[in-house]
Amino acid sequence: MSEHFFGTHDGHLTAAANRIAERHDAWHVNYVEPGTGKRRGWFGCRNLGHPFDRATAEAVLADIDAVGGFDALLHKRDR
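Residues numbered from 1 in each chain as written. Predicted model: local features only at pLDDT ≥ 70, side-chain atom pairs only at ≥ 80, totals over all residues. Heavy atoms only, no water.

**Q** Where do I start with the nonpolar core in this structure?
**A** Across soluble globular proteins, you tend to see nonpolar side chains buried next to one another. Ranked by internal contacts, the top residues of the largest apolar core, which has 13 residues, are Phe6, Leu13, Ala26, Phe43, Val60, Ile64 and Leu73. For this core, the elements supplying multiple residues, two or more each, are helix H1 (15-23), strand E3 (39-46) and helix H2 (52-66). Residues in contact with Val60, not counting those within four places in the same chain, are Phe6, Ile20, Ala21, His24, Ala26 and Phe43. (Core = buried A, V, L, I, M, F, W, Y, C linked by side-chain atoms within 4.5 Å. Buried < 20%, exposed > 50% of the residue type's maximum accessible area, 1.4 Å probe, protein only. Helix = DSSP H or I, 4+ residues; strand = E, 2+ residues; numbered from the N terminus. Contact = heavy atoms within 4.5 Å.)

Okay, structure coming up:
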């Protein structure tokens, strides 16, 4: 089974982003680019095809918006 990625962002998000993703059977990844050290991230879920992937992404991103968006969830270091 492949993965569906969505919600890319700059900086690392707090654990609250992980909890939001988990409520929708998704996950969140904080990542550091090798060499440059750039901090970024994204969300993912199992790729079940349309309309399931879209519904998961929309649900996660709606919950992110409800708490103030990506900026509200950024680690202090990335603000």
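Structure shown, so let's carry the discussion forward.
**Q** Where do I start with the pairing of strand E2 (residues 26-32) in this structure?
**A** The side chains of a regular strand alternate, first on one face of the sheet and then on the other. Bridge count for E2 against E3 is seven bridges, and the pairing is antiparallel. Note on E3: the bridge partner recorded for His28 is Phe43. The loop that links E2 with its antiparallel partner E3 comprises six residues; one of these, Gly35, has a positive phi angle of about 85°. (Pairing = 2+ DSSP bridges.)

**Q** How should the side chain of His12 be read in this particular structure?
**A** Here His12 is to be found in the loop between strand E1 (3-10) and H1. A distance of 3.0 Å separates a polar side-chain atom of His12 from the backbone oxygen of Tyr31. If sequence neighbours within four positions are ignored, His12 has contacts with Asn30, Tyr31, Val32, Arg39, Arg40, Leu73, Leu74, His75 and Asp78. (Polar contact = N/O pair within 3.5 Å; in protein donor to acceptor, adjacent residues only side chain to side chain.)

**Q** Just to check I follow, could you spell out H1 for this structure?
**A** Residues lying three or four places apart along an α-helix face the same way, a consequence of the helix completing one turn every 3.6 residues. Among all positions of H1, only Ala17, Ile20 and Ala21 are buried. Projected onto a plane normal to the axis of H1, the buried residues spread over an arc of 95° and lie on a single side. Exposed and facing more than 90 degrees away from the buried side of H1 are Arg19, Glu22 and Arg23. Packing partners of the buried residues in H1 comprise E2, E3, H2 and helix H3 (69-73). One or two residues past the end of H1 sits Asp25, with phi positive at roughly 55°. (Arc of directions from axis to C-beta.)

**Q** Can you help me understand the pattern of salt bridges in this one?
**A** Between side chains of opposite charge, a pair can form as their charged atoms come close. Summed over all chains, the structure comprises five salt bridges. When the shortest N-O distance is used, the salt bridge between Asp63 and Arg23 registers 3.3 Å. Taken as a pair, Asp63 in helix H2 and Arg23 in helix H1 lie far apart in primary sequence, 40 residues in all. Close ionic contact of Arg54 with Glu58 constitutes a salt bridge, the shortest N to O distance being 2.9 Å. One end of the pair is Arg54 and the other is Glu58, both in helix H2 and four residues apart, which spans about a single turn. (Salt bridge = Lys/Arg side-chain N within 4 Å of Asp/Glu carboxyl O.)

**Q** When you look at unusual backbone geometry in this model, what are you seeing that I'm missing?
**A** A negative phi holds for most residues other than glycine; trans holds for most peptide bonds. With an omega of 15°, the peptide bond between His50 and Pro51 qualifies as cis. Along the chain, Pro51 turns up in the loop between E3 and H2. For Asp25, which is not a glycine, the phi torsion comes out positive at approximately 55°. Structurally, Asp25 can be placed in the loop between H1 and E2.

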